[in-house]
There are 2 protein chains.
Amino acid sequence: MTGRVILVGAGPGDPDLLTLRGARALSEADVVVFDRLAAPALLELAPASAERIYAGKEPGRAPMSQEAISAVLVERALLGRTVVRLKGGDPFVFGRGGEELLACVEAGVPVDVVPGVSSAFAAPAAAGIPVTHRDVARSVAVVTASSAHGDATDLSLVATATDTLVLLMAAGRLEETCATLVAAGRPADTPAAIVQWATTDDQRSVSGTLSSLPAYARGASVGPPATLVVGDVVRVAEAVATAVDPANAPSIPTTTARAAGPGSRGRAASA
Amino acid sequence: MTGRVILVGAGPGDPDLLTLRGARALSEADVVVFDRLAAPALLELAPASAERIYAGKEPGRAPMSQEAISAVLVERALLGRTVVRLKGGDPFVFGRGGEELLACVEAGVPVDVVPGVSSAFAAPAAAGIPVTHRDVARSVAVVTASSAHGDATDLSLVATATDTLVLLMAAGRLEETCATLVAAGRPADTPAAIVQWATTDDQRSVSGTLSSLPAYARGASVGPPATLVVGDVVRVAEAVATAVDPANAPSIPTTTARAAGPGSRGRAASA
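Computed from a prediction, not measured in an experiment: that's the story for all the values here.

**Considerations on the packing of aromatic side chains**
1) Next: For the structure shown, the criterion picks out three aromatic pairs over all chains.
2) Next: With a centroid separation of 4.8 Å and 10° between ring planes, the pair formed by Phe-121 of chain A and Phe-121 of chain B is classed as stacked. Of the two residues, Phe-121 of chain A sits in helix H5 (residues 119-126) while Phe-121 of chain B sits in helix H5 (residues 119-126), which places them in two different chains.

**Observations regarding the domain arrangement of chain A**
Residues and elements named next belong to chain A.
1) Next: Taken as a whole, chain A is organised into domain 1 (4-114) and domain 2 (119-248).
2) Next: One C-alpha centre belongs to domain 1, the other to domain 2; they are set 28 Å apart.
3) Next: Listed by partner, the interface residues are nine residues for domain 1 and 13 residues for domain 2.
4) Next: The junction of domain 1 with domain 2 conceals about 860 Å² of combined surface from both sides, 70% of it contributed by carbon and sulfur atoms.
5) Next: Broken down residue by residue, the surface that domain 1 buries against domain 2 is led by Pro-12, Leu-37 and Phe-94, which jointly contribute 59%.
6) Next: Linking domain 1 with domain 2 are zero salt bridges.
7) Next: Here the residues of the side of domain 1 that touches domain 2 sort into four nonpolar, two polar and three charged.

**As for the relation of the copies chain B and chain A**
Superposition of the two copies of the chain requires a rotation about an axis and a shift along the axis.
1) Next: Its rotation angle being 180°, the transformation that places chain B on chain A also includes 0.0 Å of axial translation and leaves an RMSD of 0.0 Å. Both copies of the chain, as the preceding transformation shows, are related through a two-fold rotation axis.
2) Next: The residues that chain B uses at the interface reappear at the interface of chain A in 99% of cases, marking a shared surface.

**Examining the pairing of strand E5 (residues 111-114) of chain B**
Residue and element names in this part refer to chain B.
1) Next: Neither face of E5 is open: one carries Val-111 and Val-113, the other Asp-112 and Val-114, and all of them are buried.
2) Next: The pairing of strand E1 (residues 4-9) with E5 spans four bridges and is classified as parallel. Across the sheet, residue Leu-7 finds its bridge partner in E5, namely Val-113.

How each quantity is defined
Residues numbered from 1 in each chain as written. Chains lettered and ligands numbered in written order. Predicted model: local features only at pLDDT ≥ 70, side-chain atom pairs only at ≥ 80, totals over all residues. Heavy atoms only, no water. Phe/Tyr/Trp six-rings, centres within 6.5 Å; stacked < 30°, edge-to-face > 60°. Helix = DSSP H or I, 4+ residues; strand = E, 2+ residues; numbered from the N terminus. Domains from an automatic or database assignment. Contact = heavy atoms within 4.5 Å. Buried area = accessible area lost by both parts, 1.4 Å probe. Salt bridge = Lys/Arg side-chain N within 4 Å of Asp/Glu carboxyl O. Nonpolar A, V, L, I, M, F, W, Y, C, P; charged D, E, K, R; others polar. Least-squares fit on C-alpha atoms with pLDDT ≥ 70 in both. Buried < 20%, exposed > 50% of the residue type's maximum accessible area, 1.4 Å probe, protein only. Pairing = 2+ DSSP bridges.

Written out as structure tokens, the structure reads:
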């Protein structure tokens, strides 16, 4: 009897940002195929007897190819297993979930998708930045700044189209990315922030402008995984920080470790 | 002693798409302030003794103003209560959560944000449509098609900027919206789909093109709440339907009730 595959969005980092439905899928898994960014606590939601297969792509190591990942999902399901494919963020937002969905369907394997909280919106939120805000931002675009997975887009096409622009996988090419956006017409003094390890205990964020941010981020050694958010909404977080403590009035560069910023105040008060 | 406010994203409709952290927040709530689209099952996660305040905006009824909503959050928190503000989707994606965040901060009330699964990505996913897909879509923009909340954007600015375009609150002005996108340069034969009541038992979707969809949706009486997705990614869902049953090969218009489409097949197999 054929099993099934469930593509589960793990959310942005904090294991408590998994959905109830995702948690139930994990609890019923015979096999979990997971990525580098999946929180260890999530793997513990699967039965101890479940097979755990690492499919992450790490710098300097030969990654499991997308074809190989799809093949293992199909193979295990055809053996009758319930296979959970645990993917960071949302499976369908730069997660290549569509390819895995099609591979399963073409092999006659029942497949389901459990959406997840995307880092595209949650990483800015964790730094106190809403991607839309009345009278400030009425549109948001999401792209990736990395070309590693063949997902890179021509940034000049999206540089000025929306009020807010979110760029995933932004740490590696931050200077080039910001320069490209300015060259494409986004003003150099546009507020911008980068958030590393969003929603985890290691979260850090740095804010500035398109012209100043790369140096600030380099000075703060911000690395992957990181999300870049560009637009006037970045100022909302500064307004929050100022209201909490006038001594926090925008002093760019603002480097915020989770222990000291709005995110952590939220965390301390968190459910 | 001052209480606190937690802005919780309720997700796209299915109560099981609430996050674990959101569920815990509800279980600790003294007060829940909720919207029209919040699933009744979510309100049951709050203690029976919790005060429940309806803040929804219904057609034909005087809505609670945004200022009144913010005021009630602050007032209850200042009484020492733990107040959960339950918002459909994600609080910071056209949810006006930023305004409520600032209102709390300015009043000295501790406030936290629990991101939710946004309908912007989950509604297309529920119809089998990934908003990004290798070699098909490397960028996605999200706007609202409604001007009801002052969030409307100039669609001509975003019509062609990204491969995929998602428009929330799209049912009311579907014909005008599609025409505007075509007038702004998006080809009239661009695939497009509208998904109503995404991820709920009442989910329905209709697909076609920018030129054909409005009539198909009208014929199928698609109304709010609905999400419009525009771009070649719509064809991924058609490829899935074809692979599942060649008799399903694209026969536009495709009207898919949850009981018969990829979403429901997924649902039947769902965790």
